[in-house]
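Now for the letters of each chain:
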Amino acid sequence: VNCLTEIFVERALARATELDEALKKTGKVVGPLHGLPISLKDQLCIKGLETTMGYISLDRNYAEKNAVLVDILEECGAVPFVRTNLPPNADGSAICWPETFNNIFGRTTNPYNRSLT
């Protein structure tokens, strides 16, 4: 169905282990999102992972640092574990489209009816 562009479960499990250890040590959660698994669109840079934003020209573009939003989410205790597909954002409004298609990952379809997006 092409909804995920990258899966990094090992990295997420390592983060979850860090959060578990912090909770055991201090008896307090790291933040309001402590341990919450989250997905992030492929427009947000995550250090060491590809960020294509749906553009072929950005294929093999590895982030050197996290986007500010990613840092904030992690500081609040969130655990990113996957990246999701999005349309190319040529005019600034494409992310608001009701469907997702790009030339790297293709069209994201409904898992219950693949003729729907």
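See the structure printed just above.
To start, this report covers the structure provided alongside it.

The rules behind the values
- Residues numbered from 1 in each chain as written.
- Predicted model: local features only at pLDDT ≥ 70, side-chain atom pairs only at ≥ 80, totals over all residues.
- Heavy atoms only, no water.
- Helix = DSSP H or I, 4+ residues; strand = E, 2+ residues; numbered from the N terminus.
- Expected span 1.5 Å × (residues − 1).
- Buried < 20%, exposed > 50% of the residue type's maximum accessible area, 1.4 Å probe, protein only.
- Arc of directions from axis to C-beta.
- Contact = heavy atoms within 4.5 Å.
- Polar contact = N/O pair within 3.5 Å; in protein donor to acceptor, adjacent residues only side chain to side chain.
- Pairing = 2+ DSSP bridges.
- Right-handed = clockwise from strand over helix to strand, strands pointing away.
- Disulfide = S-S within 2.5 Å.

Another aspect to go through is helix 1 (residues 9-26). Given a rise of 1.5 Å per residue, 18 residues ought to cover 26 Å, and the 25 Å separating the end C-alpha atoms of helix 1 matches this to within 8%. All of the buried residues in helix 1 are Ala 12, Arg 15 and Leu 19. Along the long axis of helix 1, the arc covered by the buried residues comes to 65°, so they all point the same way. Seen from the open side of helix 1, the exposed residues pointing more than 90 degrees away from its buried face are Glu 10, Leu 13, Glu 21, Lys 24 and Lys 25. Along its buried surface, helix 1 packs onto helix 2 (68-75) and strand 3 (79-84). Where helix 1 terminates, the next one or two residues include Gly 27, which has phi positive at roughly 75°.

One can find Asn 102 in strand 4 (residues 101-102). There is a polar contact of 2.9 Å between the side chain of Asn 102 and the backbone nitrogen of Ile 104. Setting aside residues up to four positions removed in sequence, Asn 102 forms contacts with Gly 54, Asn 85, Leu 86 and Pro 88.

In regular strands, side chains alternate between the two faces of the sheet. Residues Ile 38 and Leu 40 point to one face of strand 2 (residues 37-41) and are all buried, whereas Pro 37, Ser 39 and Lys 41, pointing to the other face, are not buried. Strand direction decides the pairing type here: strand 2 and strand 3, joined by 5 bridges, are parallel. In the strand pairing of strand 3, Ile 38 is matched with Pro 80. The β-α-β motif built from strand 2, the intervening helix 2 and the parallel element strand 3 has right-handed crossover chirality.

Here the focus is the state of the cysteines. Applying the stated criterion across every chain yields a total of 0 disulfides. Here Cys 76 is not cross-linked by a disulfide; its sulfur's nearest cysteine counterpart is in Cys 45, at 19 Å.

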